[in-house]
Structures are given as structure tokens and as C-alpha cells.
Amino acid sequence: NKWHFQEVVDLWLIHYKQQVKITTFTTTNGLLRNHILPIFKEYYIDRIDIRLCQDAVNKWYSSYSEAALLVSIVSRVFKFAINQGFCVDNPMSKIIRPLNTYKQQYNAPFYDKTELLTFLEAVKQDESFRAYVMFHTLAFTGLRAGELLALQWRDINFERKTLTVDHSLIYNEEIKEFQLTEPKTKHSKREIGIDVATIQL
């Protein structure tokens, strides 16, 4: 029985979803849909050879900064296919990785102290109190947006002036709902000190 690459991916994703956090699954699904399947989906998996893989890799490394991640995903799909008896070889393991020539310069925008205070004052004047507290807390704690949106009253210790960060709010594309999730790494779980002004707000 011949298996198209797309069919194998669909089967692999069922197992992969049980092994990773929903955010990782959603990211991988997006990479498959946008970068990998357009190249491989019509091929039978046992007909994909090193040349086709190398052409794909050359294209990715010249146009995408995370090309190595794409190689890893395809390789995992092939390993799954070998274990399932759909093919006997992983041609992606034999490619030569070129230099990644796609270098996108990114200068992260930021406010200096004066600009930040001007922005916060504008929010205070023109937006809701809730919006002001949100932006103030982001600015003075270094929280990520998802961590801020997951905060609950029990996470704030008013006596010790600390904030416990142990959840993040994410949008689950699969079920079209927001969900609270644990952070991806144990280092993301933390307790941070907060200043008096933030405590008062």
C-alpha cells in the first residue's frame, strides 16, 4: 500500500500532539502547512529521494531563518514512516546543510524611559484604568503578554510584594478557544519582586 507524504504527516501529527504542548504543536503544524507540505505532499513517501530533499533544504536555507527546524520536522516524519513500515530510508538524514544565507536584520523597537512614561501617561488619560494597569505591569515587571493575561489574584502577594508566574494564556487554534497552559520551560516559572507603585495599582 502506497502512502503519500501528506497521509503520513496526518498520522504522525496524531502521535506528535500527545507528546508536546499545544503551542509547539500549533507552530509545527504551521511550518508543515506553509513550508513543507507545498513541496512534498503529492509524493509517495518511499519515492522521495535525497535530491528532492536537498533541493528543498537549499531553498529553505536561502529564504527562512529557522530552516534547520524544517529539516528536523521532515526527518522526524521519515523516522515515523520507517517505524510504521511505509518506507525503509530517511533521505533527509543524508542532505548537506548549506550556510543559512537568509539573514534578516531585526532591531527590536523599544521606548527609552522618557518615551515610556509619556506613553503610560497617554494611556492613563485616554484609555481605561484596566488598560493602564496592564501596560504599567508589563513595563515594570518584564512579563510576557500571555503571562500577564493569565494572572489571577492568588498570584499576587501584597505583603511580600511579589508576583508568581506559573501560567500563560494561549489561543488554541485546534478548538478555537483560549486556554491556560503551564510555561514551556521550568525556568519560565518564577517569582518576581514588584515595586510599591505597581502593588498600589
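Residues numbered from 1 in each chain as written. Predicted model: local features only at pLDDT ≥ 70, side-chain atom pairs only at ≥ 80, totals over all residues. Heavy atoms only, no water.

## Points about the overall build of the chain
For step 1, the next point in the chain: Along the backbone of the chain there are eight helices and five strands.
For step 2, the next point in the chain: From first element to last, N terminus to C terminus, the chain shows the α and β order α-α-α-α-α-α-α-β-β-β-β-β-α.
For step 3, the next point in the chain: The C-alpha atoms of the chain give 23 Å as radius of gyration, which overshoots the globular expectation for 201 residues (17 Å, by more than 25%).
For step 4, the next point in the chain: Within the chain, the fraction of its 201 residues that count as buried is 35%.
For step 5, the next point in the chain: The long-range share in the chain, meaning contacts at least 24 apart out of those at least 6 apart in sequence, stands at 58%.
For step 6, the next point in the chain: With an accessible surface of roughly 13,200 Å², the chain has 53% of that area assigned to carbon and sulfur atoms.
For step 7, the next point in the chain: Averaging the positions of the 25 positive and the 23 negative side-chain charges in the chain gives two centres separated by 6 Å. (Helix = DSSP H or I, 4+ residues; strand = E, 2+ residues; numbered from the N terminus. Rg over C-alpha atoms; globule rule 2.2 N^0.38 Å. Buried < 20%, exposed > 50% of the residue type's maximum accessible area, 1.4 Å probe, protein only. Contact = heavy atoms within 4.5 Å. Areas by Shrake-Rupley, 256 points an atom, 1.4 Å probe, with all protein chains shown as cover. Lys, Arg positive; Asp, Glu negative; His and termini not counted. Charge placed at Lys NZ, Arg CZ, Asp CG, Glu CD.)

## Here we look at the packing of aromatic side chains
One pair of aromatic rings is described through two measures. These are the centre distance and the angle between the planes.
For step 1, the next point in the chain: One pass over the structure, following the stated rule, counts nine aromatic pairs.
For step 2, the next point in the chain: For the pair Y16 and F25, a centre-to-centre distance of 6.4 Å together with 35° between the ring planes defines the contact as tilted.
For step 3, the next point in the chain: A relative accessible area of 5% means that Y16 is categorised as buried.
For step 4, the next point in the chain: Residue classification places F25 among the buried residues on the basis of a relative accessible area of 5%.
For step 5, the next point in the chain: Here the aromatic cluster, defined as three or more aromatic residues joined through ring pairs, consists of F5, F40, W60 and F78.
For step 6, the next point in the chain: Positioned over the ring face of Y44 is K2, at 6.0 Å from the centre of the ring. (Phe/Tyr/Trp six-rings, centres within 6.5 Å; stacked < 30°, edge-to-face > 60°. Lys NZ or Arg CZ within 6 Å of the ring centre and 35° of its normal.)

## Notes on helix α3 (residues 50–63)
For step 1, the next point in the chain: For α3, built from 14 residues, the straight-helix expectation of 20 Å at 1.5 Å per residue is met to within 8% by its first-to-last C-alpha distance of 20 Å.
For step 2, the next point in the chain: Those residues of α3 not exposed but buried are L52, C53, Q54, A56, V57, W60 and Y61.
For step 3, the next point in the chain: Contacts from the buried residues of α3 go to α2 (22–40) and α4 (67–84). (Expected span 1.5 Å × (residues − 1).)

## Things to note about the side chain of T137
For step 1, the next point in the chain: Mapped onto the elements of the fold, T137 is located in helix α6 (residues 129–141).
For step 2, the next point in the chain: Relative accessible area serves as the criterion here: at 9%, T137 is assigned to the buried category.
For step 3, the next point in the chain: With residues near it in sequence (within four places) discarded, T137 still touches G142, L143, L148 and T198.

## Some details on the sheet that holds strand β1 (residues 156–157)
For step 1, the next point in the chain: The three strands are arranged β1-β2-β5 in an open sheet whose pairing can be described as antiparallel. The sheet is open, and its two edges are formed by β1 and β5 (190–193), each paired on a single side.
For step 2, the next point in the chain: Pairing geometry for β1 and strand β2 (residues 162–165), over two bridges, is antiparallel. Its bridge partner being in β2, I156 is matched across the sheet by L163. (Pairing = 2+ DSSP bridges.)

## Thoughts on α6
For step 1, the next point in the chain: Over its 13 residues, α6 runs 18 Å from end to end, which matches the ideal 18 Å to within 8%, given 1.5 Å per residue.
For step 2, the next point in the chain: Considering only its buried residues, α6 is in contact with α5 (113–126), α7 (145–149), β2, β5 and α8 (196–200).
For step 3, the next point in the chain: Phi turns positive one or two residues past the end of α6, at G142, with a value near 80°.

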